[in-house]
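# Descriptive structure summary
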Amino acid sequence: AAGVIQSPRHLIKEKRETATLKCYPIPRHDTVYWYQQGPGQDPQFLISFYEKMQSDKGSIPDRFSAQQFSDYHSELNMSSLELGDSALYFCASSGGGQGETQYFGPGTRLLVL
Amino acid sequence: GQQVMQIPQYQHVQEGEDFTTYCNSSTTLSNIQWYKQRPGGHPVFLIQLVKSGEVKKQKRLTFQFGEAKKNSSLHITATQTTDVGTYFCAGHNDYKLSFGAGTTVTVRA
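This one's a predicted model, so the numbers in the text were calculated from it and none came from an experiment.

With 17 residues of chain B at the interface, the matching set in chain A holds 15 residues. A buried area of about 1300 Å², summed over both sides, lies between chain B and chain A, and 55% of it is on carbon and sulfur atoms. Counting across the interface, chain B meets chain A through zero salt bridges. There are two residue pairs in polar contact (both at pLDDT 80 or more) connecting chain B and chain A. Of all the secondary structure elements, the ones that give two or more residues to the side of chain B that touches chain A are β4 (31–37), β5 (44–49), β9 (85–93) and β10 (96–99) of chain B. It is β4 of chain B that provides the largest number of residues to the side of chain B that touches chain A, a total of four residues. Of the residues in the side of chain B that touches chain A, the class split is eight nonpolar, eight polar and one charged.

A word on unusual backbone geometry. Along the chain, Ser-7 of chain A connects to Pro-8 of chain A via a cis peptide bond; the corresponding omega equals -10°. Residue Ser-80 of chain A is not a glycine yet carries a positive backbone phi of 45°. Note that Ser-80 of chain A resides in the loop between β8 (74–78) and β9 (87–94). Overall, Ser-80 of chain A belongs to the partly exposed group, its relative accessible area being 39%. Phi angles above zero are rare outside glycine, and Lys-59 of chain B is one such case at about 55°. Relative to the helices and strands, Lys-59 of chain B resides in the loop between β6 (55–58) and β7 (61–65).

Turning our eyes to something else, we now look at the packing of aromatic side chains. Scanning all chains against the criterion turns up twelve aromatic pairs over all chains. Both rings, one in Phe-90 of chain A and one in Phe-104 of chain A, keep their centres 5.9 Å apart while their planes meet at 80°; by these two values the pair is edge-to-face. You can see Phe-90 of chain A sitting in strand β9 and its partner Phe-104 of chain A sitting in strand β10 (residues 103–104), a full 14 residues away along the chain. Of the residues examined, Phe-104 of chain A reaches a relative accessible area of 6% and is grouped as buried. Geometrically, the ring pair formed by Phe-88 of chain B and Phe-99 of chain B is edge-to-face, given 6.1 Å between the ring centres and 85° between the ring planes. Separated by eleven residues along the polypeptide, Phe-88 of chain B in strand β9 and Phe-99 of chain B in strand β10 bring together distant segments of the chain. Judged on exposure class, the residue Phe-88 of chain B and its partner Phe-99 of chain B are both buried. Through pairs of rings, three or more aromatic residues link up here, namely Tyr-35, Phe-45, Phe-90, Tyr-103 and Phe-104 of chain A together with Tyr-35, Phe-45, Phe-88 and Phe-99 of chain B.

Reading guide: rules and limits
Along each chain, residues carry numbers from 1 onward, in the same order as the chain's sequence is written. Written order determines the labels here, with chains lettered from A and ligands numbered from 1. In view of the model being predicted, local features appear only for residues whose pLDDT reaches at least 70, and side-chain atom pairs are presented and counted only at 80 or more, with totals across whole chains, interfaces and linings using the full set of residues. Water and hydrogen atoms were dropped before computing side-chain values, which therefore reflect all heavy atoms in the structure. For this analysis, residues touch if any pair of their heavy atoms sits within 4.5 Å. In this description, buried area is defined as the sum, over both parts, of the accessible area (probe of 1.4 Å) that is lost when the two are combined. Should a side-chain nitrogen of Lys or Arg be within 4 Å of a carboxyl oxygen of Asp or Glu, the pair is scored as a salt bridge. Think of a polar contact as two N or O atoms within 3.5 Å of one another; within protein, one of them needs to be a possible hydrogen donor and the other a possible acceptor, and neighboring residues in sequence only count if both atoms come from side chains. Helix numbering and strand numbering both begin at the N terminus, where a helix is a DSSP run of H or I of at least 4 residues and a strand a DSSP run of E of at least 2. In the scheme used here, Gly and all other residues not listed as nonpolar or charged are polar, with Ala, Val, Leu, Ile, Met, Phe, Trp, Tyr, Cys and Pro taken as nonpolar and Asp, Glu, Lys and Arg as charged. Each residue is placed in one exposure class: buried if its accessible area under a 1.4 Å probe, protein chains only, is under 20% of its type's maximum, exposed if it is over 50%, and partly exposed if it falls in between. Stacked, tilted and edge-to-face are the three classes assigned to paired rings of Phe, Tyr and Trp, where Trp is represented by its six-membered ring and a pair needs centres within 6.5 Å; plane angles under 30 degrees give stacked, over 60 edge-to-face, the rest tilted.

Here is the structure:
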């Protein structure tokens, strides 16, 4: 069965640079979620989109933005990167609107030097 | 806001023994989900509990949802080395999924 695809899988950036993470949800899933997971921590919810509209916002910094496109893929844009942004970024998708089981992608490991 | 507490944070288990991880929410939940994350991997959905007092089993794993729909537990019997990983509960309410801090399980043979 098709799973959530994330790219790139690994990314190394320097401070103050920008990064774009991409997420391709499971086909026919209409909701995408972004999470940030620091070492030894639980996934922290950043933002979610339902039918291409932002549906909920969590602890996403103002330096980050995201959107969901007409093909339901989503991109997380991160600017003015800081050392503390180094983390694993997961995208998850669900079908049938919010409240359904979330299926996680493999994650993008971002390292900011 | 909604908070989900999970204990213990770490569980070191002798192979063959049983253990339980507990999850408590500050608010009533519409459902609770459990995920397992292996080291270096991503959270993988295990199960969802919806009804008050619900009990579900998956082989050696038993999941319970409290009567008040504010707490849940995961009990693993006869722990195996394949059970290694972090188990997260995630409480769902108001269209939000809030993760507990997770219980990281290690197994000694």
